[in-house]
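Single-letter residue listing:
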Amino acid sequence: PKSSSLRSIKTYTDLVNEDSPLPPYSIKSVIGAATQFQSRYALLRYDPGSDKFIGYYSNNHLYVSGCTKMNYAIKQFTMILRALFPDRFTPDSSELVLAVEAGDYPDVMPYRPCVSKNKKTPCNSHFLTSAPVLSFGSIFANPMFPNQMGFPMPGDHLTCFLRWATRKEV
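Note that the structure is predicted; figures quoted are calculated from it, not measured.

**Comments concerning the packing of aromatic side chains**
Phase 1 of the analysis: Tallied over the full model, the rule gives 12 aromatic pairs.
Phase 2 of the analysis: Judged by centre distance (5.7 Å) and plane angle (35 degrees), the ring pair of F140 and F145 falls under tilted.
Phase 3 of the analysis: Judged by its relative accessible area of 27%, F140 is partly exposed.
Phase 4 of the analysis: Judged by its relative accessible area of 4%, F145 falls in the buried class.
Phase 5 of the analysis: By the ring-pair criterion, three or more aromatic residues cluster together here, those being Y111, F127, F140 and F145.
Phase 6 of the analysis: Positioned above the aromatic ring of Y105 is the side chain of R40, whose terminal nitrogen or guanidinium carbon lies 4.8 Å from the ring centre.

**A short note on the packing of helix α3 (residues 67-84) against helix α5 (residues 156-167)**
Phase 1 of the analysis: Orientation of α3 relative to α5, taken along the N-to-C sense of each, is 20 degrees, at an axis distance of 9 Å. One element, α3, and the other, α5, form an angle in the roughly parallel class. Here α3 runs over α5; the crossing is left-handed. On α5, the residues touching Y72, A73, Q76, M79, I80, A83 and L84 of α3 are L158, T159, F161, L162, A165 and T166.
Phase 2 of the analysis: Class assignment for the residues of the contact of α3 with α5 results in 10 nonpolar, 3 polar and no charged.

**Brief notes about the nonpolar core**
Phase 1 of the analysis: L44, F53, I74, F77, L134 and F136 are the most contacted members of the largest nonpolar core, which has 22 residues in total.
Phase 2 of the analysis: With 6 residues, α3 is the single largest residue contributor to this core.
Phase 3 of the analysis: The residues contacting L134, other than those within four sequence positions of it, are F77, L98, A99, V100, E101, M149 and F151.
Phase 4 of the analysis: Grouped together as the second largest cluster of nonpolar side chains are 17 residues, V97, C114, C123 and V133 included.

**A few points about the pairing of strand β4 (residues 133-137)**
Phase 1 of the analysis: The element β4 is largely enclosed, with a buried count of 5 among its 5 residues.
Phase 2 of the analysis: In this structure, strand β3 (residues 96-103) lies alongside β4, joined through 5 bridges in parallel fashion. What sits directly across from G103, in β4, is G137.
Phase 3 of the analysis: Direction of pairing for β4 relative to strand β5 (residues 148-151): parallel, over a ladder of 4 bridges. Looking across to β5, one finds that S135 is bridged to G150.

**A short note on the pattern of salt bridges**
Phase 1 of the analysis: For the structure shown, the criterion picks out 6 salt bridges.
Phase 2 of the analysis: The closest approach of N and O atoms between E18 and K10, which form a salt bridge, is 2.6 Å.
Phase 3 of the analysis: Across the pair D51 and R82 runs a salt bridge, and its minimum N-O distance is 3.3 Å. Residue D51 is found in the loop between β1 (41-47) and β2 (52-56), and its partner R82 is found in helix α3; the two are separated by 31 residues along the sequence.
Phase 4 of the analysis: Overall, the relative accessible area of 26% leaves D51 in the partly exposed class.
Phase 5 of the analysis: The exposure class of R82 is partly exposed, given its relative accessible area of 29%.
Phase 6 of the analysis: Here the salt bridges share partners, and the residues they tie into one network are R45, D47 and E95.

**Section: the confidence of the model for the protein chain**
Phase 1 of the analysis: For the protein chain, mean pLDDT is 90; residues scoring 70 or higher make up 96% of the total.
Phase 2 of the analysis: Below pLDDT 50 for its whole length, residues 1-6 participates in 7 contacts with residues either more than four positions away or in separate chains.

Conventions adopted
- Per chain, the residues get numbers from 1 upward, laid out in the order the sequence is written.
- For a predicted model such as this one, the threshold for reporting local features is a pLDDT of at least 70, and the threshold for listing and counting side-chain atom pairs is 80 or more; totals across whole chains, interfaces and linings nevertheless cover every residue.
- Each side-chain value is derived from all of the structure's non-hydrogen atoms; neither hydrogens nor water enter the calculation.
- Centres within 6.5 Å make a pair out of two Phe, Tyr or Trp rings, where for Trp the six-membered ring is used; the pair is then stacked when the planes are under 30 degrees apart, edge-to-face when over 60, and tilted otherwise.
- Each residue is placed in one exposure class: buried if its accessible area under a 1.4 Å probe, protein chains only, is under 20% of its type's maximum, exposed if it is over 50%, and partly exposed if it falls in between.
- Either the NZ atom of lysine or the CZ atom of arginine qualifies as a charge over a ring when it sits within 6 Å of the ring centre and within 35 degrees of the ring normal.
- Angles shown run from 0 to 180 degrees and are taken between the N-to-C directions of axes, each axis being a line fitted to C-alpha atoms and, for helices, limited to the stretch in contact.
- A run of DSSP states H or I qualifies as a helix once it reaches four residues; a run of E qualifies as a strand once it reaches two. Both are numbered from the N-terminal end.
- These descriptions rest on fixed angle ranges, namely under 35 degrees for roughly parallel, over 145 for roughly antiparallel, 65 to 115 for roughly perpendicular, and the rest for oblique.
- Working rule for handedness: look at the near helix, and if it is turned counterclockwise from the far one by less than a right angle, call the crossing left-handed; if clockwise, right-handed.
- The contact criterion used throughout is that any non-hydrogen atoms of two residues lie within 4.5 Å.
- In this classification, Asp, Glu, Lys and Arg are treated as charged, Ala, Val, Leu, Ile, Met, Phe, Trp, Tyr, Cys and Pro as nonpolar, and every other residue, Gly included, as polar.
- Joining through side-chain atoms within 4.5 Å is the link that ties buried Ala, Val, Leu, Ile, Met, Phe, Trp, Tyr and Cys residues into a set, and such a set is a nonpolar core.
- Only when DSSP finds a minimum of two bridges between them are two strands counted as paired.
- Whenever a carboxyl oxygen of Asp or Glu lies within 4 Å of a side-chain nitrogen of Lys or Arg, that contact is scored as a salt bridge.
- Residue-level confidence of the predictor is what pLDDT reports, using numbers from 0 through 100.

Given below as structure tokens:
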């Protein structure tokens, strides 16, 4: 991974690695982050009233075969969250909304010209303050989408994290 000192753009991953807080974000920002993607993007909401996680997929996005990986990632991620933070996810907790995408690569077709140039700056300046997007799969090495944070690939990798979170074994 590239050191943040070698570039001027701080990604959300850089902030986490430095133990720095992420910028505050709103539900509007989570919804707005959807414009980065053509498919495989969902809002994941914890609803304390029903004590359930609910995934929302936009009708404006293509529903492609890769959505199976996203659904799988969401299911396993919510089990990991409940195992690691049992006191956070109760009927008395506050609501939580996260942006999630998954697949072998981010489906950022709306920004294809930027990606093909392999820019070393964000494809859009609003990504510097957009909601973080938990990307279960590959992310770009250059900070074209600084709000994307790499998470384990759905399948064996994420299953290993789930096994560790729930059974402390791999």
